[in-house]
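The residues making up each chain are set out below.
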Amino acid sequence: MTKSLVIVESPAKAKTIEKFLGKSYKVLASYGHVRALPSRKGSVDVARDFEPRYEILPKSKTYLDHIRKEILNSSELILATDPDREGEAIAWHLLEALGLSEKDSQPTVRRVTFHEITKNAIRKAMEEPRGIALALVDAQQARSILDYLVGFNLSPFLWKKIRYGLSAGRVQSVALRLICEREKEIQAFKSDEYWTIEALLQSAGGGEFQARLIAVDGDKLDKFAIGNGKQAREVVKSIEDNEFRVAGVTAKEKKRNPAPPFTTSTLQQEASRKLGFSAGKTMSTAQKLYEGIDIGGGAEGLITYMRTDSVALSREAIDDARKVIGQRFGADYTLAVPREFKSKAKNAQEAHEAIRPTSFANLPEKVKSHLSPDQFRLYDLIWRRAIASQMAAAILDTTTVDIEAKKVRHDEATASPDKKTGNTFLFRASGQVIRFPGFMKLYIEGIDDNGQEGEKEGMLPKMAQGEMVACLDLTPEQHFTQPPPRFTEATLVKTLEENGIGRPSTYAPIMNTLVTRKYVRLEKRTFFPEDLGMVVSDLLSAHFTRYVDYEFTAQMEEELDAISRGEKKWRPMLREFWEPFIALLKQKEVEVSKQEVTTETTDRVCPDCGKQLVIKLGRSGKFLACSGFPECRFTESLAAEEEKEVLYSEEKCEKCGEPMLIKSGRFGKFLACSGYPKCKNIQPLVKPKALGVPCPACREGELQEKKSRYGKIFYSCNRYPACKFALWDLPVNEACPKCGFPVIVEKTTKRDGRYRKCTQEGCDWRHLLEAPEKPVKGEKKIAKKPAAAKKEKTAKVDKPAKTNSKK
């Protein structure tokens, strides 16, 4: 009866913790939440002051029965769920489901929290128990009830006005509005042309560098000062034969500081930019690193708790990091005084630490062999970011050189040196040299593409004021202003956090819901709204403006934070929200018609009956239909009617010199000349990539990487259609050691690993390069049904005689 029973959320976490606690403790998992609001009407009794009607989840009944049996043999129940609002609520729900109270003496109930799963952290947590923080539980209850009230009342409204099966959410609908409003900005955007003049110059010492024209006769040129090619050519003509001289050299020292350690939000953003991970993949991989992985001495947590918006590091962690920095990089890279960061996020809760390794001594290369490739890449990112945050600043030398170009008369030697002898053109070149790399030696934060041109800076040759420079070339360059970029997962997470909308831990499921409901689609990590998403967003924005307003949603988060701090009660807050919300919903039920939401008028007439054509919303998006339906059933695709977004590429037409446009066709995107119909030149958007492997069939051509009309990569001869040799696998310029065929291929599969083989029929040569990845401990392998069994189900033939089932 002296055994202590510890409850955590996951079995992986339970296994790791039990190893640290010893035989007098038994650790069990609740497998997440044990109680929740049922997904049906009436789960919140509004008439009884928003009384929630929780039910035990079906999957949790077995786990709760097991916990009850163990409690009979335990004198102490320790609730060790996660150290956040959700973890606090799980602990409270566990007591309610088990029929226990913190006041009970058999067993006694204690609550412990820890931010990392290491031996010292667990033992320290056991020595500092506390009670359940009811303010945190209330904040989590308020969030759940609030989301339920919005979802289970607004979603049926969408079913009636648009289509059955749609959903609306308090934060989900705001995220959808962001994506849809950005799409409208892009559609309304008008691209403007502008030109720049670039000069390729050479210093007296022979060094070449680029400079851009920035002023004429002392007047600074704005972005659109040179508006077309004709003006640009005239400017170039005016500059030709001018004398170029260095007018001034400015050198400055610039310090660059590292980014702070990761929060939940910045981890999701950086993993998206650098690793290509979705928010969901980032969080699930981080969860495994937190819960514990065996790296040789038994399972232990490799990172601290991954749901946090704090950028602070503990004193012990900073000392640990400084020790590693000194050993690996030297004293010059170690700070005299530790660097402190302050969170910039709205509604930041800074009670926890930032995401960091539990021990900086666990170097990425040391633990690599124990991790899956995804786990290693994420751990390496977290380790580098945290270490870099405590490294010395980088020191850069920035140099700006102004070059003056002006016409010089042959009799200038006798003229006054101050006398102007024609237009004066000022060019500027900027250069940057890293004098001391500091933290940049280890880590540089990724940036998001904002659709604008970045600064082109390189190293400049040494020059002095008054020095003559030679002009090797003058180039007028055409540019077009670009629309704001669509949201990626990284930029959407960043925008939501900056506006204080929702919590970072909810962003992954929100984005997943938007894609699952077909409100948006995700292409190359970029969100494109679907017609259905645009209609839903327009409806909510027009009729429920307040509830999809960015400021209002952020204010709700602030109120939930106030509840978690004990400054506000949750029931009055829900009442303030509910009464105007339900009144507006009832009003809109009457005012808004389905016809108004899903139908748009056009100025076209039906070719069959002469009635007006309208745009309707169907299962596959918008289409044209006759307003005389059902008498007239004429329909037409809307694709031809839609105005296509004009996107200019950086390429010029090799036939006429006009810019090439990015267009969409039957088989995907391609480049087309903007001079159409005068010039009808078209090119593939992605040019075939030469591999340097001679074609083994014709022995004249070269194999190239190409993309099929369905987007699949293949490899074929560049002399097609004269030579039709092609492969699906990557060709390698090596002869088969068995049959002598001049090309072999390299292939990677999950089952067989990475290997090379011969493509010739009848030749079975094969060489393994890398063994298949072993399943990570704790991950269950799902057995696939034999193909023969599937065929038996579908084949329309007589069933074979039954055989012994044991066989």
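Asks: In this structure, what is going on with the confidence of the model for the chain? I would like to understand it.
Replies: The predicted coordinates should not be examined in detail at positions where pLDDT is low. For the chain, per-residue confidence averages 86 on the pLDDT scale, and 89% of positions sit at 70 or higher. Within the model, pLDDT remains below 50 along residues 776–807, and this stretch shows 6 contacts once partners closer than five positions in the same chain are excluded.

Asks: I tried to follow the pairing of strand β21 (residues 612–618) on my own but got confused; where do I start?
Replies: Here is the key point about a regular strand: its side chains alternate between the two faces of the sheet. Buried residues dominate β21, accounting for 5 of its 7 residues. Bridge count between strand β20 (residues 599–605) and β21: 4 bridges; the pairing is antiparallel. Within β21, the position partnered with Val605 by the bridge is Gln612. What sits between the antiparallel neighbours β20 and β21 is a turn of 6 residues, in which Gly610 has the positive phi angle 85°. As paired elements, β21 and strand β22 (residues 621–626) share 6 bridges and run antiparallel to each other. Across the sheet, the residue bridging to Leu613 is Cys626, located in β22.

Asks: Honestly, the sheet that holds β21 in this entry has me stumped. Any pointers?
Replies: Across a sheet, strands are paired by hydrogen bonds formed along the backbone, either parallel or antiparallel in direction. In spatial order, the strands read β20-β21-β22-β23; together these 4 strands make up an open sheet with antiparallel pairing. The open sheet is flanked by β20 and β23 (635–637), the only strands paired with a single partner. Shown here is a sheet whose adjacent strand axes are inclined to one another by a mean of 35°, direction ignored.

Asks: What should I look at first to understand helix α3 (residues 85–98) in this one?
Replies: Three or four residues apart is the spacing at which side chains of an α-helix point the same way, because the helix has 3.6 residues per turn. Here α3 spans 20 Å end to end across 14 residues, near enough to the 20 Å set by a 1.5 Å rise per residue. Of all 14 residues that make up α3, 12 are buried, and the element is covered over most of its length. Residues of α3 that are buried: Arg85, Gly87, Glu88, Ala89, Ile90, Ala91, Trp92, His93, Leu94, Leu95, Ala97 and Leu98. Gly99 occupies a position one or two residues after α3 and carries a positive phi of about 70°.

Asks: Is there a simple way to think about the packing of aromatic side chains in this case?
Replies: The way to describe two aromatic rings as a pair is by their centre distance and the angle between their planes. Following the criterion strictly, the structure yields 17 aromatic pairs and no others. On the numbers, 4.0 Å between centres and 15° between planes, the contact of Tyr31 with Tyr63 is stacked. Placement of the pair is Tyr31 in the loop between β2 (25–29) and β3 (35–36) and Tyr63 in helix α2 (residues 60–71), with a sequence separation of 32 residues. A relative accessible area of 29% places Tyr63 in the partly exposed class. A centroid spacing of 4.5 Å and a plane angle of 25° characterise the contact between Tyr148 and Phe152, whose relative ring orientation is stacked. Remark: Phe152 and Tyr148 occur in helix α5 (residues 134–161); sequence separation between them is 4 residues, near one turn of the helix. Judged by relative accessible area, which is 34%, Phe152 ranks as partly exposed. Each member of the aromatic cluster is reached from another via a ring pair, and the members are Tyr547, Phe552, Phe577, Trp578 and Phe581. Its guanidinium or amino end placed over the ring of Tyr443, Lys274 lies 5.0 Å from that ring's centre, counting from NZ or CZ.

Asks: What exactly am I supposed to notice about the sheet that holds strand β31 (residues 726–727) here?
Replies: One open sheet accounts for 4 strands, arranged β28-β29-β30-β31; its pairing is antiparallel. Here the strands that pair on one side only, and so sit at the sheet edges, are β28 (689–694) and β31. Sheet topology places β28 next to strand β29 (residues 702–707); 4 bridges connect them, and they run antiparallel. Each residue of the ladder has a partner; that of Lys689, found in β29, is Glu705.

Asks: Hey, could you run me through the pattern of salt bridges in this one?
Replies: Where charged atoms from two side chains of opposite charge approach closely, those side chains can pair. Taken as a whole and assessed by the stated rule, the structure comprises 46 salt bridges. The residue Arg751 makes a salt bridge to Asp752 at a minimum N-O spacing of 3.4 Å. By relative accessible area, Arg751 is classed as exposed at 69%. Taking relative accessible area as the criterion, Asp752 reaches 22% and is therefore assigned partly exposed. One network of salt bridges, in which partners are shared, links Arg143, Asp147, Arg170 and Glu557.

The rules we used
- Residues numbered from 1 in each chain as written.
- Predicted model: local features only at pLDDT ≥ 70, side-chain atom pairs only at ≥ 80, totals over all residues.
- Heavy atoms only, no water.
- pLDDT = per-residue confidence, 0-100.
- Contact = heavy atoms within 4.5 Å.
- Buried < 20%, exposed > 50% of the residue type's maximum accessible area, 1.4 Å probe, protein only.
- Helix = DSSP H or I, 4+ residues; strand = E, 2+ residues; numbered from the N terminus.
- Pairing = 2+ DSSP bridges.
- Axes fitted to C-alpha atoms, helices over the stretch in contact; angles between N-to-C directions.
- Expected span 1.5 Å × (residues − 1).
- Phe/Tyr/Trp six-rings, centres within 6.5 Å; stacked < 30°, edge-to-face > 60°.
- Lys NZ or Arg CZ within 6 Å of the ring centre and 35° of its normal.
- Salt bridge = Lys/Arg side-chain N within 4 Å of Asp/Glu carboxyl O.

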